[in-house]
Structure formats: structure tokens, C-alpha cells
There are 2 protein chains.
Amino acid sequence: MTPTLTMFYLVSVVVSAIAFAFAAYLYFWVKRQPQENKRITEVAGLIRDGANTFMRREYKILAIFAAVIAVLIVVFLPTPIWQAGENWWKNVAMAISYVGGTVLSAIAGKLGLVVASLSNGRSAEAAKKGIKPAFLIGFRGGSVMGLLVVGFAVLGVAAVLAIVKEASILLGFSFGASSLALFAKAGGGIFTKTADVAADLTGKVELGIAEDDPRNPAVIADNVGDNVGDVAGMGADLFDSNVAALTSALVIAQSLTGGDDKSVIMVLCYAALGLLASIIGIATARITKNGTPTGALNSSTYVTSAVFMALTAGATALFGFSWHIWGCATIGLVVGVIIGLATDYFTDDTKPIVKKVAHASKSGPAFTVLSGVSYGFISALPAMIGIAISALAAYKICGTEALIEQYGANYPLFGISMAAVGMLSIVAMIISNDAYGPIVDNARGLAEMGGLGEEAIRVADELDSAGNTVKAVTKGFSIGAAGLTVISLLGTFMSEANAAGANITGFDIMDPTVFFGILVGAAVPAVFSAMLILGVDKNAQKMVAEIHRQFNSIPGLKEGKEGVVPEYDKCIDVATTGALRELIPAGLVAILATIAVGFIGGPTAIGGFLLGNIVSGLLLSLFMSNAGGLWDNSKKYVEAGNEGGKGSEAHKAAVIGDTVGDPFKDTAGPSINTQITVVSLVASLLSSAFVAFSFFG
Amino acid sequence: MTPTLTMFYLVSVVVSAIAFAFAAYLYFWVKRQPQENKRITEVAGLIRDGANTFMRREYKILAIFAAVIAVLIVVFLPTPIWQAGENWWKNVAMAISYVGGTVLSAIAGKLGLVVASLSNGRSAEAAKKGIKPAFLIGFRGGSVMGLLVVGFAVLGVAAVLAIVKEASILLGFSFGASSLALFAKAGGGIFTKTADVAADLTGKVELGIAEDDPRNPAVIADNVGDNVGDVAGMGADLFDSNVAALTSALVIAQSLTGGDDKSVIMVLCYAALGLLASIIGIATARITKNGTPTGALNSSTYVTSAVFMALTAGATALFGFSWHIWGCATIGLVVGVIIGLATDYFTDDTKPIVKKVAHASKSGPAFTVLSGVSYGFISALPAMIGIAISALAAYKICGTEALIEQYGANYPLFGISMAAVGMLSIVAMIISNDAYGPIVDNARGLAEMGGLGEEAIRVADELDSAGNTVKAVTKGFSIGAAGLTVISLLGTFMSEANAAGANITGFDIMDPTVFFGILVGAAVPAVFSAMLILGVDKNAQKMVAEIHRQFNSIPGLKEGKEGVVPEYDKCIDVATTGALRELIPAGLVAILATIAVGFIGGPTAIGGFLLGNIVSGLLLSLFMSNAGGLWDNSKKYVEAGNEGGKGSEAHKAAVIGDTVGDPFKDTAGPSINTQITVVSLVASLLSSAFVAFSFFG
């Protein structure tokens, strides 16, 4: 059967429509679940309001930012408007597609938030009835966002391509998605950890009260943070990764020779089938008889993977796509699973590493930190090797002489980009798992604040713990996919620079302009993440001061006198103001460094810069995400009664480790992904400017 | 004047003879100083014995290791002996030069230890008479090692070259120096931090007794550690850096065309003049009227730099050397100073960063750690840019068409290698400053244990604090120089691989075998440093247990009853056994990873591997060294009475930060330097094997 582009534009529309319909069904299903407890309804309302206030203020700032960028794009990209002649419409198209990317990303985040605020209280109340219904509400709430995010990505990419035909305009769409994600992730990440760290330090450590004790003025802010950082920010982040992977694959597919539109069609087809596979996976997810929530989440991930492989194999046979590329996509997916499992080994509390760190805590917090840092560094190794091997394998599969003769020199790069697409194919499933985490985390808090009783809290706790464990696997996926995507974006950059008149055949590390770029590029993720962590550090200190003020000035609060309520909104305000102030500078540093290196060293320096950025970015984000997860679960392991249990010296040390890990894993670590993607896209977009002018290039 | 090689072999011999004579003079000068206090003599004796025991056991293990490697070299390098034919003598020569490198390195470390054990007690007693005499003893003691180490390097390199004529045989000498340094640094670093961390945690934190309180069973082990880690290990490390820089410059110089021996002569000449400049700097170092020890150390560094520039300018004019190369060496030296100053900004307690971290400590240890990690990452940026710019500048200076036509394509690389030689030219001065630190650190402890009174302790404290501050500047130098050296070693590797029949013109990052190498190479320093830190972590926990045992089982020890002495030797034994067990695996991982990548991906993968290793190695070593120094000085700043002073919550948090920083700055951070060098040398030595066989190469 001969596939046509039009056919697959339609397929993209149909599959995303199915996803939207299914999301709507799940949304109303969740909404139908009972929420009767007055206290929970009230607190869930506070959380929703806090999150909405933050998002509104954040989006206002980002709208200004996006407007400025859109104007700059109209004037300068892809070619300066005064040189564009009759192609002026491309500048307008790129600006529109940029704005489209930001808007879709923002909407996805916002809708995720809406359904998360709906699910948390309902999941808490369902916990009274048992683990299965509570699980289903949490998971289905998360799935709504997963389906929307990926539906938007598939639909948006297909729409832009159908209208403008040129994949390079998609770079604008992708940049829109990723620039919004960069700030949403950074802002949300700073907010959530400001509140979390401050709440833990004043509550757990100083006063020895429980995590979600309603006396703590920061407790609502902490729950708001889970929503804006872990739900909305994460959604924006994965929307961005998915769009970037598809964009990069499409740009390269269009540059291939002799393949008609088949390679382009193949990308669209695989993206649609990935979404379809995820829909099936989501529909079948539930806790089996004698099963655990972790088992349910993981097994639906595996189901989705298997369905994706089967569907794409069928499509490849039916439409006569390249089996080489199918192989690349499959390798990407399999390596993604392996990376996830390796990450799991370092962060799961049934495995030895978490126990070792918990044991080290007995000797004091310095040992908690040192052992966590060490294992965090070691944990980066399997993923780095996995990414390296999947890139190498994809390249070798598609790099035979015959294939290069038929499709051109870019074919191996196409293979790498399709490995990334394969790894991200099940992203809707991943987002569902990821969003499940903060929902049940909230549910746990609400169960405590609503006084639902010990059994409900225990159920909510079990759901929460499963969320933490599964997070490791999904994070491995998304970091791995980001790594492969940016490798292919490096190829995209080279194509774009050559199209602009540069004559680059590669980036030789012995060329000192390349080397210069590499060293500067490698320093950027370190500085970027340091700025985010310092933001959390600074804001959390402010919030600790605010909490102390409330404890000292509100009579009866500390003692838990009946009817005395802390001023929750003050804490939310501290977190909001602080996060909004810190979110722009770090992102700008990364973007400005790219521009500076480009104008100093030209396109060859930028090639090096991107490489340095990828390498140190991967290392640091793996290190930070894994070390953070490791500390978190070590603390939970101690709290479960090991190494002295709650209240022991080991527990105090473990809490300090967890506090260090919080901004590592939820602010800096996952933001680095987005930073790498943004920088790669900026480089591709500005390639002609760097070719036209640079000091040493 | 036409210089000849023979002339400069003689110059090398003469200048190193002057250095040895001057070292001997200083040694006997130190020995003549009075040491009368019985208690100090006794404790200094304990320290000396402990250090000697450790060194003897360490050297025994390393001798076995070196013997195995020497045999392997005879059989396999530079060409397998069965293929070498009449060139079999080269294998023998390389093995002998390898052994020579290890032996000289070992002797330099041992002699440094001897004079350090002589100086510490005398410096303590001189502290009663005032700061000037105490300073002079500490500094001159350190200088003996500085002079010996660099004298050995200059003499050794010249001797090997004079005898075998081929610079590539020097790779064996350099590998000998660096493989010994790798293990000496790792072993010494683990020893010193095991003892330091355990002593601090049990003494300062648990019991609230002073740093060098003689009741603490770990206190002697701590002082032994200063000697074996910071004196002997550091000496081996800088011997290795110096030899590697000279070797790399000489190998490239011999590969130039049309320059007769002039470029080779120039390297020897600059090395000798660097030593001469350091002798002058050392001879003039003293505290001026109203001056401080920090001022004295820094100003003699600047004097040495200025003298070096003047002498080399004179030599360049007199002998008609290339002014381009003089420019490269000067840039290297100037950038080294700038890197040092930038480092100083992040670690000096009169500058804002240290104060910020101290202030953050008020909110608890998690904030101390988070802010230290963040500033540590940021502090890497100036040095990375500095190294990148000096490499770029050197390349541009020597990369003009005319110069390349005259000297061949390797000339720009020669420029980079001479920038490294320039940066390391004043290494004798740097070692003197560096070795001064542990000597006066010991002196402080001895002053306390010998009961020399408050004024003497205050003087010793001031000397110690100057040592910490100056360390930052010297570390910046040595990391920067290692960076430049390994860049030129990358060139050396390419030359060697091409000589073995590979046809490499560069390493393209778009080539997936190169990319594969980069990712794996980047992970290695992370894993390597993690293993060392885990070694410290594990051993310190054992030593804490041993200290607790003694406190619980020796009656009167905790209370400080007259005449009750702890079992110091038990703690020394814990540190020794542990360090010796941990020192080999980490080093082997780095070496074996190189070999694995080489046989999997061939020489192109190794090119990438070396690059990834350099980039992440630089980033991590700068991060760890600076963060460690920052925490150390923040703690001192709090102890000086700020943010609540001693005993406050901020102090406890700062102590935890310092404990985390200890293995960062004194075990892992400085060992990464050596790891990078070793890996580069292994790659060059095995290049022909990788060319002959690899799976994907």
C-alpha cells in the first residue's frame, strides 16, 4: 500500500482526536467520583487557588517574553526580513508557529493542573474504600494530561507541516514549546522546592511534626508546588521533548534524497502509533488481584512498549517503510527501558544502594551527602553508555554504503533521530505515570488534613511511594531521549548552517574553535543548575523566616490549638514572588551564552558548544535526578523503621540528604534537559546569523 | 648565538644541580633550627613513624604494580617485541624510562616527607618567637620538596632524551611518573581524609573538643594524613604534571619540520629557566615589615612569574627562538594567574562568596551543602573559559599560514603545549607554597599538643589560614595546566596513532564512534571520583567506630585524665589498611575503561574518549576543589565568631559542609587531574594496538 502525506496528516488528526476524546472521558469519569469531606474540599480549593494564582502570574511574564521573541523572529528569522524578499511570509509563519508552540505548551500545563486539582481530593477519599479505586483516580487524572500533551504535539506538528510544508519552520514551533518549558520547569521547580524544603525543615526537623501537619504554614504551598512544578512544569517539559524529537526527525527526513516523502510519512506514522499504543496502555492499567501500584504502573509501560513495537512493525510491513529505521526506533525504546531499569537499581529502596546510603546516615549527614553524591555519579554511567550505544547502533544500522547512496549522507543521522522518536514513542504513558506521582502525593496530604483515618493514610502512602519508584524509570526515559534528540539536533544545526552558506563537514575536536565551544558549553549546564539551586536556597530561607514569624506571632499555632489556622497565603506568596524573580535569569544565561559563543567563534564553535552542553548536561542531569531520588527513598527507608527509624540520628541525617536532593531532582536535574534542547534550537535558528558574522569563525 | 642540544642538556644538569644544592642548603638550615620541647619531639616522632609506615606499605604495593607494568612494556611497547626486530632495545629503553619515572616520583615524595616531618615541630617552636621565623621554617621546608621535584623532572627528562634521542620514549617516563602519582595521590588522599573526617566528627562535633586535642585517638593519624596526602601525594602529582607537559611539548617539537633541533632546545631551555626563576622566587620569599604570610606567599609567586617572563624573553632574543612561542608560554602563565585569582574569589574568606555560604549555614546543613555545590559549579566557569581562551589564543598565534608552511601542521599544537609549559614554569614555587600548607597545619597541632601557649597557637593558626588561601591559587594553576597538557597530549595521541598506520586527520564529533568515546570518557572522572569518595566514606566510618571503641573502653580518656593516652597506632592502622585497599580499583577502572573503549571503537573512539575525559574531568575537579575550599573557609569564618560563632547551629552546619568538602578537595578533586593525564598517556602508549585491532574502529 502506498502511503501519502495527506493520508498521514489525516491519521495524525484522527489519532489525536481519539486521544482528546479519551482524555475527556477520563476527565468526566474522575469528576463523577465523590468528594464529600468538607475539610478536603476546602483544602483542595486552597491548593487549586494557589496554583492558579501562580500560573496566572507566571504566564503573564512568559507572555511578555514570548511576544518579544515573536517580534524578533518576524524581524530576523529564518532570514532578516529586509533580505527575505518574497519569502517574507516564512518569517511570519515561523513567528506564528513559535507562538503556537508556546500556547499549546501553556494550555497543556494548565489543563493538567485542572484535572490534577480535581483528582487529588477524590483519590484521597477513595483511599477509604481501598487501594484500587484510589489508584485508578490518581492514574486516570494523570493520564488526562498525558493524552492531551501528546495529542497536542502530534496534532501541532502535523498541522504546521501540512500548512507550511517546510520542516525547518517547525524549529520555530519547537522553540516555542521548549522556551516555555524552560521557564515553566524552572519557575515551577523553584516554587515547589522552596515550599517543600522550607516545610520539611521547619516541620519535620525543628518541630518533629508530620509532613502534612496543617499547623505548618507552608503545607498548602508545598501541595501547590507539587502541582505547578511536578504536573504543569513536567507536562511542558515532555511536550517540548516530544516536539523536539519529531521536529529534528522531520527536518532530517526532508533533507534525505530519493525517498520521496516516505521518510517524512514514517515519522508522522510512528508518532501517531506511539500515541495509539499509549492509549491502549492507559486503558488497560489497573492493579491486578494481589498486584501493587508499582506493578500496575510498570506493567502498563511494558504493555505500551510492546504494542508500539507490534504496531510499527505492522505499519512498516504494510506501507513498505524501512526496516532499518524500525530497528533504530526499537533500539531506542529498548535502551530507554534499560536505562530506566538501571536508574531503578540506584533509587529503589528494595535494592542495595538505597540501603547503603541509609546505613551511612547513621554516621551523620556528611556521610549521607557523600555517599549519595558518589552513587549519583556512578549511576550516570549506565545511561551514558546506553545513549552512546544506541546512537552508535542506529548509526551503524543506517550507515551502510548502499543506504547512504540511496538516501544521502544524512541517513545515519535520521536513524539516530528515529531512535529518539522510538524512545519517546510511549511518552503519553510516561506523562501519565509522572503526573500520577504529585496527584497521590497531594492525596496523601489531604487524607491527613481531612482526618480520613490511619488506613486511608496508609493506602495513600503506598500509592505515593509507588509514584516515587516509577519516577526513576520515567526520568531515565526522558533524559535518554533528550540525549538522542540533541544529537540529532546537532545534525539539524549542521544542515541549517550549511544551507546558510557555511561549508561544514564536521566538528573536529582538534580545531581550537570547536574546543573552545566545547569547554564553554560544558560549563553552561553547571552554571544553569547552580543558579536554579541558589534560587531555591534563597527563597527557602525566606520562607523559613516567614514560618518562624508565624509560629512566633500567631498564638496557639505551634501548640495546635483548635481553630487556629496559619496564614497559608503568605507562604504561597513568598514562593510565587521568589520563583518568578529567579526563573528568567538562569534561562537567559544559557541562551545568551549560545549567542555569545556563536558570534565569537562562529558555527564551528557552536558545534563544539552544543556537544559540550550535551555531554555535561547529560552527566549532571543524570547525577542530580538519581542522587535526589536516592536520598528521598533512603529517607523513606529509614522512616519505615530501619537504621533506627523515625526520630533517630540516622533519620535526621537522611532528612538533610533528602533536602539537598530536593532541588537536585525536582528543580535543576529535569530543567537541564530542557536547557539543552533550548540551546540546540537557538543554535539552529540563528545558524545563518553565525555564518554571516563571527570574530574568529 | 646558535644553541645546540648538547649545550642545553648541560644547562639542564647545571640548573638542576643548583636546585639540589639550594635544597640541601635549605634542608640543613631547617635542621639547625631548635626543637627542644620534649612533647613536640615525641609527637612529631609519632607522626613521622606513622607516615613512614604507610609509605613503606604503599610503595611495596606500587613496586609490584610497577614491576608488572614494566614487564608488559618490555613485551608490548612501543611495538610487540616479536615484531620489533632490531628495535628491541626501544622496548627495554621504554621500560627502563618507565621505572625511572616511578622511582624519581617515589623518591621526591619520600624526601618531601622527610623534610616536612623535620619542619613541622621546629615551625611550631619558632611560633613562640613570632610569625616571621615560624613562617620561614614552614616555607623553606616546603621549598625543599619544590626544588627536588622540579629538579628531578628537568634532569630526568633531559637525561632520557639525551640517551635515547626519541621523545616518544619519554612517554614511558611520563607514564611512570603519572601512574605512581595516580595511586600515591589516591592512596594518600583517602588516608588523609579518612583520618581528618573521623577526627572532626568525633572530636569537634560529638565531644566539642578542639581540632588537635590529644585525647582524640585519630589526631596523630590526621597529622600523618597531612603528610602522606598533602605533601607526598601532591609532590608526586605535580612531578607528574610537569613531566607530562614537558614530554608532550617535546614529542610535538620533534614532529615539527624545518626547525632543526631549535624547538626541542627551546622546551629544555624554558623548563630550566622556570626552575631558575623559582629558585630566585624561593630565595626572596619572606614576610615584609607589616606584611602577612599570605602576602609573602603570593608576592613570591608573582616575582617568580615576572622573572620567568624576563629570563625567557632574554633567552628568546639571545638564541633566536620563536617569539610566537614565547607569546604562548606567557599567555599560559598569565591565564594561570587569572584562573588562580578567580578561584581565590570563590574561596577566600574576605570575599563575598564564603560569607554567603556561612550565612546560609544559619538555616541548616542542607543549605550549606546546596549553596556550596552551587557556587562550586559556578566557580568552574572562569577557569574553563580561561583554559579555552589560552588554547585558542596559542593556536591562533602559531596557526598562521607562514608558520605552518615553515614548521608543519603541528605547530599550533606546539603553541598549546608551550602554553602548558609556561603555566607550569613556576611549578617549583607552587609546590613550595602547597607543601607549606600541611607543614604549618601540623605545626598548629603540635603547638597545641606541646602546650606552647595561646600566642604560639594564634601565630600557627595565622600561618595555617594563609596556607588554605594560597592553596586555591596554586590549585587553579595546576588544574589549568593539566587541561592544557592533556589537549596537547590529544595531539600526541593522534601523531602516535598516525605513526602506527592510522590515517586520522581529526576527531569529528558527528562521527558516532567519536561520540561514543566522548560519552564514556565523560562518565569516567565521575565514577573515578565517586569510588575515591566512597573509599573515604567507608574508611572514615570504620575509624569513627574505632574511636568510639577507645572512648568506651579506655577509662579516663574521654575526661582527659592525666597520663591516659589513646591508642594512636590503631587509628593509623585503620587508615593505612583502608587506603591501601581502595587505591588500586579506582585507578584501574580508568585505565581499563580506556583499553576497553580503544578495542571497541578504535583510535577515533579514543580521541573522543580523551576529549570527554578532559571536559568532564576539568569541570568536576574545578567544582570539587573549589567547593571544598569554600566550605573549609566558611567553617573557619564562622569559627572566627561570625554568624553565631563556635558552637552555634551555623557552626555545626558549617562543620558538616567542611566534612563533605574534605574528600572533594583533598581526595577526589586533585586526583582527577592525574587520572586525566594517566588516561591520555595510556592512550598514546597503546595507540598502535588500537590501530591494529578494534571491533568497530
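Computed from a prediction, not measured in an experiment: that's the story for all the values here.

1. Quick notes on the overall build of chain A
Turning to step 1, where the next piece is worked out: When you go through chain A residue by residue, the secondary structure sums to 20 helices and 0 strands.
Turning to step 2, where the next piece is worked out: In terms of overall size, chain A behaves like a compact globule, its C-alpha atoms giving a radius of gyration of 24 Å where 697 residues would be expected to give roughly 26 Å.
Turning to step 3, where the next piece is worked out: Referenced to the eigenvectors of the C-alpha coordinate spread, the extents of chain A come out at roughly 75 × 55 × 45 Å.
Turning to step 4, where the next piece is worked out: Here chain A holds 697 residues, and 69% of them are scored as buried.
Turning to step 5, where the next piece is worked out: Within chain A, contacts between residues at least 6 apart in sequence are counted, and of these 86% link residues at least 24 apart.

2. Remarks on the packing of helix H2 (residues 38–76) of chain A against helix H6 (residues 170–207) of chain A
Residues and elements named next belong to chain A.
Turning to step 1, where the next piece is worked out: Following both chains from N to C, one finds H2 and H6 inclined at 150°, their axes separated by 11 Å at the closest point. By the angle between their directions, the pair H2 and H6 is classed as roughly antiparallel. Relative to H6, H2 is oriented so that their crossing is right-handed. Of the residues in H6, those in contact with Phe54, Glu58, Leu62, Ile69 and Ile73 of H2 are Gly172, Ser179, Leu180, Phe183, Gly187 and Phe191.
Turning to step 2, where the next piece is worked out: When grouped by side-chain class, the residues that make up the contact of H2 with H6 number 7 nonpolar, 3 polar and 1 charged.

3. Topic: the interface of chain B and chain A
Turning to step 1, where the next piece is worked out: Residue-level contacts link 62 residues of chain B with 61 residues of chain A.
Turning to step 2, where the next piece is worked out: Elements supplying a minimum of two residues to the side of chain B that touches chain A: helix H12 (365–398), helix H16 (454–499), helix H17 (512–553), helix H18 (568–639) and helix H19 (649–685) of chain B.
Turning to step 3, where the next piece is worked out: Of all the elements, H12 of chain B adds the most residues to the side of chain B that touches chain A, at 19 residues.

4. Some thoughts on the relation of the copies chain B and chain A
Superposition of the two copies of the chain requires a rotation about an axis together with a shift along that axis.
Turning to step 1, where the next piece is worked out: Least-squares fitting of chain B to chain A yields an RMSD of 0.0 Å, with the superposition described by an axial translation of 0.0 Å and a rotation of 180°. On this basis, the relationship between the two copies can be described by a two-fold rotation axis. Residue Asp508 of chain B of chain B places its C-alpha closer to the rotation axis than any other residue of that unit, at 2.2 Å.
Turning to step 2, where the next piece is worked out: Of the residues that chain B buries at the interface, 98% are likewise interface residues in chain A, meaning the two copies contact each other through the same surface.

5. A look at the environment of Leu104 of chain B
All names here are of chain B.
Turning to step 1, where the next piece is worked out: Along the chain, Leu104 turns up in helix H4 (residues 88–126).
Turning to step 2, where the next piece is worked out: Residue class for Leu104 comes out buried when judged on the 25 C-beta atoms lying within 10 Å of it.
Turning to step 3, where the next piece is worked out: Along the backbone, Leu104 and Gly156 are 52 residues apart, and their C-alpha atoms lie at a distance of 8.1 Å.

6. Comments concerning the nonpolar core
Turning to step 1, where the next piece is worked out: In this structure, Met384 of chain A together with Met384 of chain B are the most contacted members of the largest nonpolar core, which totals 552 residues.
Turning to step 2, where the next piece is worked out: If we ignore the near neighbours within four places in the chain, the residues touching Met384 of chain A are Leu618 and Leu619 of chain A together with Leu519, Val520, Ala522 and Ala523 of chain B.

7. Considerations on unusual backbone geometry
Turning to step 1, where the next piece is worked out: With a phi close to 70°, Lys165 of chain A is a non-glycine residue in the positive phi region.
Turning to step 2, where the next piece is worked out: Following the sequence through the fold, Lys165 of chain A ends up in the loop between helix H5 (131–164) and H6.

8. Digging into the confidence of the model for chain A
Low-pLDDT portions of the prediction should not be read for the details of their coordinates.
Turning to step 1, where the next piece is worked out: Residue-level pLDDT values for chain A average 89, and 99% of them are 70 or greater.
Turning to step 2, where the next piece is worked out: On the interface metric, ipTM, the complex scores 0.90, and its pTM is 0.92.

9. Brief notes about the environment of Val160 of chain B
All names here are of chain B.
Turning to step 1, where the next piece is worked out: For Val160, the location among the structural elements is in helix H5 (residues 131–164).
Turning to step 2, where the next piece is worked out: Taking the C-alpha atoms as reference, Val160 lies 23 Å from Ala419; in sequence the two are 259 residues apart.
Turning to step 3, where the next piece is worked out: Not counting the four nearest positions on each side in its chain, Val160 is found in contact with Ser97, Gly100, Ile169, Leu170 and Phe173.

10. Quick word on helix H1 (residues 5–32) of chain A
Note on helix geometry: an α-helix contains 3.6 residues per turn, so any two residues three or four positions apart are oriented the same way.
All names here are of chain A.
Turning to step 1, where the next piece is worked out: Here H1 is 28 residues long and its end C-alpha atoms lie 41 Å apart, about the 40 Å a rise of 1.5 Å per residue gives.
Turning to step 2, where the next piece is worked out: Residues Phe8, Val11, Ser12, Val15, Ser16, Ala19, Ala23, Leu26, Tyr27 and Val30 constitute the buried set of H1.
Turning to step 3, where the next piece is worked out: Along its buried surface, H1 packs onto helix H4 (88–126), H5 and helix H8 (262–284).

11. Some thoughts on the environment of Gly208 of chain B
All names here are of chain B.
Turning to step 1, where the next piece is worked out: Positionally, Gly208 belongs in the loop between helix H6 (167–207) and helix H7 (219–255).
Turning to step 2, where the next piece is worked out: Given 10 C-beta atoms within a 10 Å radius, Gly208 is considered exposed.
Turning to step 3, where the next piece is worked out: Sequence spacing of Gly208 and Leu490 is 282 residues, and the spatial spacing of their C-alpha atoms is 51 Å.

12. Concerning helix H8 (residues 262–284) of chain B
Turning to step 1, where the next piece is worked out: When the terminal C-alpha atoms of H8 of chain B are compared, their 33 Å separation across 23 residues agrees well with the 33 Å that a helix rising 1.5 Å per residue should span.
Turning to step 2, where the next piece is worked out: Burial analysis of H8 of chain B places 20 of its 23 residues in the buried class, which makes it a mostly covered element.

13. Describing the packing of helix H7 (residues 219–255) of chain A against helix H19 (residues 649–685) of chain A
When two helices pack together, their arrangement is given by the angle between the helix axes and by the axis-to-axis distance.
Residue and element names in this part refer to chain A.
Turning to step 1, where the next piece is worked out: Where H7 contacts H19, the axes come no closer than 10 Å and their chain directions differ by 25°. On the basis of the axis angle, H7 is roughly parallel to H19. Like other packed secondary-structure pairs, H7 and H19 cross with a definite hand, here left-handed. Between H7 and H19, the contacting residues are Gly229, Asp230, Asp237, Asp240, Ser241 and Ala244 on the first element and Asp666, Pro670, Asn673, Thr674 and Thr677 on the second.
Turning to step 2, where the next piece is worked out: Taken together, the residues that form the contact of H7 with H19 break down as 2 nonpolar, 5 polar and 4 charged.

Cut-offs and rules
Residues numbered from 1 in each chain as written. Chains lettered and ligands numbered in written order. Predicted model: local features only at pLDDT ≥ 70, side-chain atom pairs only at ≥ 80, totals over all residues. Helix = DSSP H or I, 4+ residues; strand = E, 2+ residues; numbered from the N terminus. Rg over C-alpha atoms; globule rule 2.2 N^0.38 Å. Buried ≥ 20, exposed ≤ 12 C-beta atoms within 10 Å, placed from the backbone. Contact = placed C-beta atoms within 7 Å. Axes fitted to C-alpha atoms, helices over the stretch in contact; angles between N-to-C directions. Parallel < 35°, antiparallel > 145°, perpendicular 65-115°, else oblique. Left-handed = near helix turned anticlockwise from the far one by under 90°. Nonpolar A, V, L, I, M, F, W, Y, C, P; charged D, E, K, R; others polar. Least-squares fit on C-alpha atoms with pLDDT ≥ 70 in both. Core = buried A, V, L, I, M, F, W, Y, C linked by C-beta atoms within 7 Å. pLDDT = per-residue confidence, 0-100. Expected span 1.5 Å × (residues − 1).

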